[in-house]
Amino acid sequence: MKCGKQLREEDGELCGDCGRRRHGFVQGIALYDYGSIADSVFRFKYCGRQEYATFYGRQLYAARRRWLELIKPEALVPVPIHPSRKRMRGYNQAELIARALSEQSGIPVNTRLIIRSRKTLPQKGLNDGERQNNLKRAFKIRQNDVKLKTIVIIDDIYTTGSTIDAMAETLRGAGIESVYFMALAAGRGI
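Here is what the cut-offs are and how they apply
Residues numbered from 1 in each chain as written. Predicted model: local features only at pLDDT ≥ 70, side-chain atom pairs only at ≥ 80, totals over all residues. Heavy atoms only, no water. Salt bridge = Lys/Arg side-chain N within 4 Å of Asp/Glu carboxyl O. Helix = DSSP H or I, 4+ residues; strand = E, 2+ residues; numbered from the N terminus. Buried < 20%, exposed > 50% of the residue type's maximum accessible area, 1.4 Å probe, protein only. Axes fitted to C-alpha atoms, helices over the stretch in contact; angles between N-to-C directions. Parallel < 35°, antiparallel > 145°, perpendicular 65-115°, else oblique. Left-handed = near helix turned anticlockwise from the far one by under 90°. Contact = heavy atoms within 4.5 Å. Nonpolar A, V, L, I, M, F, W, Y, C, P; charged D, E, K, R; others polar. Pairing = 2+ DSSP bridges. Phe/Tyr/Trp six-rings, centres within 6.5 Å; stacked < 30°, edge-to-face > 60°.

A closer look at the pattern of salt bridges
Here's step 1: The tally for this structure, following the rule as stated, stands at eight salt bridges.
Here's step 2: The closest approach of N and O atoms between Glu69 and Arg66, which form a salt bridge, is 3.8 Å. Here Glu69 and its partner Arg66 are both found in helix α3 (residues 52-71), three residues apart, which amounts to about one turn of the helix.
Here's step 3: Arg66 gets classed as exposed once you look at its relative accessible area, which sits at 55%.
Here's step 4: Taken together, the shared-partner salt bridges in this structure form one network comprising Arg65, Arg66 and Glu69.

Quick look at the packing of α3 against helix α5 (residues 93-105)
Here's step 1: At their nearest, the axes of α3 and α5 sit 8 Å apart, and the two run at 55° to each other. When the interaxial angle is binned, α3 and α5 end up oblique. Crossing of α3 against α5: the hand is right-handed. Within the contact between the two elements, α3 uses Ala53, Thr54, Tyr56, Gly57, Arg58, Leu60, Tyr61 and Leu68 and α5 uses Leu96, Ile97, Ala100, Leu101, Gln104 and Ser105.
Here's step 2: For the contact of α3 with α5, a count of residues per class yields nine nonpolar, four polar and one charged.

Looking at unusual backbone geometry
Here's step 1: A positive phi angle is found at Lys72, which is not glycine, with a value near 50°.
Here's step 2: One can find Lys72 in the loop between α3 and β2 (75-78).

Looking at the pairing of β2
Here's step 1: Of the two faces of β2, the one lined by Ala75 and Val77 and the one lined by Leu76 and Pro78 are each fully buried.
Here's step 2: In this structure, β2 lies alongside strand β5 (residues 150-158), joined through four bridges in parallel fashion. The residue of β5 that forms the bridge with Leu76 is Val152.

With respect to the sheet that holds strand β6 (residues 178-186)
Here's step 1: Overall, parallel pairing links the four strands, which are arranged β1-β6-β5-β2 in an open sheet. The open sheet has two edge strands with one neighbour each: β1 (28-33) and β2. Averaged over all neighbouring strand pairs, the angle between strand axes comes to 20°, with direction disregarded.
Here's step 2: Sitting on the sheet, helix α7 (residues 162-173) touches β2, β5 and β6, and the angle it makes with β5 is about 160°.

Considerations on the packing of aromatic side chains
Two numbers describe a pair of aromatic rings. These are the distance of the centres and the angle of the planes.
Here's step 1: Tallied over the entire structure, the rule returns nine aromatic pairs.
Here's step 2: Geometrically, the ring pair formed by Tyr158 and Phe181 is stacked, given 4.5 Å between the ring centres and 10° between the ring planes. Taken together, the residues Tyr158 in strand β5 and Phe181 in strand β6 connect sequence positions 23 residues apart. The pair formed by Tyr158 and Phe181 is uniform in burial state, with each residue classed as buried.
Here's step 3: One aromatic cluster is present, built from ring pairs that chain together Phe44, Tyr52, Phe55, Tyr56 and Tyr91.

In structure tokens:
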């Protein structure tokens, strides 16, 4: 009900991560279980297969169009990567997904709202506490006068929510009332 992960128990409403901590976002959804798409995401993220973004954007829109219509976001905000990582990889995979989704939905992409101001370790392999500490003060608002009220953060993989929470805290501190997220895939969490 909160993050969109598949549940291990049939009668539960929250996954283990959401049951243990309070998140800064209103709600989120993911299109796939990470295990079912891991190889594809790996090729997209680390092997330069940028063309996958078009397919991902179409699939997100086809599956979650009604959800987007209900929440009426004013912008799609991709999770920013540090400039050094972008130089190394050549692109931001979340931004490519956001742009492909924007083409389908007509919702504008805003890449100027928030930046990753601190180079962080990759989240993969870190436990929940390490993930949260890794992202402290990692994001900064670039605009002084934020007029958006509802946004959707776009990411490739949602695991524990640490990245989305860190961004949501910064965005809400800038005056954005409702922060949602969409992820291509949801991992199992911690």
